[in-house]
Structures are given as structure tokens and as C-alpha cells.
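A closer look at the structure
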Amino acid sequence: MNNIGFMQGRLSPVVNNKIQAFPYDYWLDEFPIAKKLNLSCIEWTLDYPNLEKNPLLLAEYKSDIIHISKKNDIKIPSITLDCCMQRPFWKKQNLIFYSDLILDLKKIISSASTIGASILVVPLVDNGSIENKFEFNLLKDTITSLYDFLELKKVKIAFESDFSPVNLSDFIKVYNKKFVGINYDTGNSACLGFDPLEEFRNYGERIINVHIKDRKINGGTVRLGEGDTKFQEVFNFFNFSDYAGNYIMQTARSKNNNHIEELNINISFLESYIA
């Protein structure tokens, strides 16, 4: 299980009825639990409100994060930026905050580098979905302007999007693969009714991180195996491709608040597909 990890918060109580949010009261507890489950990594989460209070962005917590990561042998290779989806810097309504949002992004890149995280997942879905040429261009201009900084900090951007396979292929080509790749989400693709074979044919070589979840077509997240994700087709590709990244479990929360047991059930399901 060298490359199976989980999304931060999945081993903690639900926060404010959200399926995903930074677990301020429990984040330290998740590391030893993950070790007992034989997981190898955790994907950190950054969100609003209280972004500035996230331990990752506070200098006094950096050594604690590094210590608990090493102590439990749980790496932090990636960070998901829900904050970018909540307040997308590429949207016209946020232009007044653009400078502050980019300053936050640069702080995140620096903090990621400090703890050894090399991938930042930027969700272009839901509130962050790209809807017009203005948003496309502002996003492109901003990210490309950060190439030198990304190289200095040894960090890459992984876009997660709701684009069709052909459109995502066209979209990702405008970015240098040295700095930008794709975060593939199994559940979101299933929800949108995309064909995995068409997806991988169009942009498979640009995938650098994978979120594992299951969803019904046009529906919400469910336990792995209970939705419409074509796991066999998905792992036929990953098991026989050059993909060497992580599988981050972004799975459904427990209906009876037994989140550790729920994640363990999903781990067993996932293990049966990974070669």
C-alpha cells in the first residue's frame, strides 16, 4: 500500500455537516490512525473560512507537522486547495481580492515546499468551474506567471476539472507539463458520465494525482462499489501505465459516524484493484 492515502478529515468527525473540511480539533490524531490502517500518505486540505489559521500556514506549526509525519511514516505529498474553489481568483467577482488571493497562493506554495508536498490540487469544479474565456485567460496568465516560483519551490499544480475529455486535453496543452498536470477524480468522472477509456486516451499521460471516490451518474458520493465508477477500466489503465503517483481516498463519509471503519471498508475495496 505504498501509494494509497486519504483526504485529510476522512478519519475525523464531520465538520459543520460538510463532507470535507479541515479538522482543526483532530488533525494530529489522524496520523497515528492512518499508520494503523497501513496507509502511506495524507492529502492536506486548505479551505475558507480561517485559512490563515490552518497549521500549514503558521510558522510555529511547521516543525509539528514534519515531526508527526515522520513519526508515523505518513507522508504529505499533496494538498487540495478547496480555498481556490471557494474563492476562485479567476472569477470576475473576486477581482477586487485578486492580489490577496495570489498572495495566499504563493504562501501555500512556499508552505507546501517546506513540508515536502510537491502537488497542489486546484479544483476547477462547482464554484470554481471555468465558464468563459476571461476566466480561462486569467487562470492561464496567473499560473504561467508562477512557473519560476513553482520551479524554485519544487511544486506542481494539478488541475481537477469538469471538462469533457477532449476539452480537458485542449485545456492542459497550454500548460508546461513540467509545472502543471491533472488530478483525476474517479467519482466526478462517473458522475458526469465520462468514458474512462476516452479520458485516458486524451490526457492520461498528464495525470499526476488521483482522487478515489464513487458516485452515481448525476448523483452524490457513495461507498466504493455502490456507484457508477468503472473501477476495472480505471485500474486497467493505471496498473499498466507509467503512473507512479498516489491514490487519495476522497470517499463517502460514514452514515453512523464510524469514519475509521468506513475508510477501512473502502481501503479493502481499493486494494482488490491495485496490481
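Residues numbered from 1 in each chain as written. Predicted model: local features only at pLDDT ≥ 70, side-chain atom pairs only at ≥ 80, totals over all residues. Heavy atoms only, no water.

**Concerning the layout of surface pockets**
Estimates place the volume of the largest pocket at around 500 Å³. Surrounding the largest pocket, 22 residues form its lining, M85, V125, D126, N188 and K213 being those nearest its centre. Listing elements by their share of the lining of the largest pocket, those giving two or more residues are helix 3 (82-86), strand 5 (156-161) and helix 8 (186-191). Top element by residues in the lining of the largest pocket is helix 3. It accounts for three residues. A breakdown of the residues in the lining of the largest pocket according to their chemical character gives six nonpolar, eight polar and eight charged. (1 Å grid on protein atoms, 1.4 Å probe; cavity = no way out; pocket = protein on both sides within 12 Å on 5 of 7 lines; lining within 4 Å. Points joined across faces, edges and corners; volume = space filled by probe spheres on them. Helix = DSSP H or I, 4+ residues; strand = E, 2+ residues; numbered from the N terminus. Nonpolar A, V, L, I, M, F, W, Y, C, P; charged D, E, K, R; others polar.)

**Digging into the sheet that holds strand 1 (residues 4-7)**
Spatially, eight strands are ordered 1-2-3-4-5-6-7-10 in a closed barrel, and the strand pairing comes out parallel. Strand-to-strand twist across the sheet, computed as the mean angle between neighbouring axes with direction ignored, equals 30°. Two elements, strand 6 (residues 180-185) and strand 7 (residues 207-212), share four bridges in a ladder whose sense is parallel. When the sheet's bridge partners are listed, Y184 is paired in strand 7 with V210. Most of the contacts of helix 7 (residues 165-172) go to strand 6, to which it runs at about 155°, and overall it touches strand 4 (119-124), strand 5 and strand 6. Contacting strand 6 and strand 7, helix 9 (residues 196-203) crosses the sheet at an angle of about 175° to strand 6. (Pairing = 2+ DSSP bridges. Axes fitted to C-alpha atoms, helices over the stretch in contact; angles between N-to-C directions. Contact = heavy atoms within 4.5 Å.)

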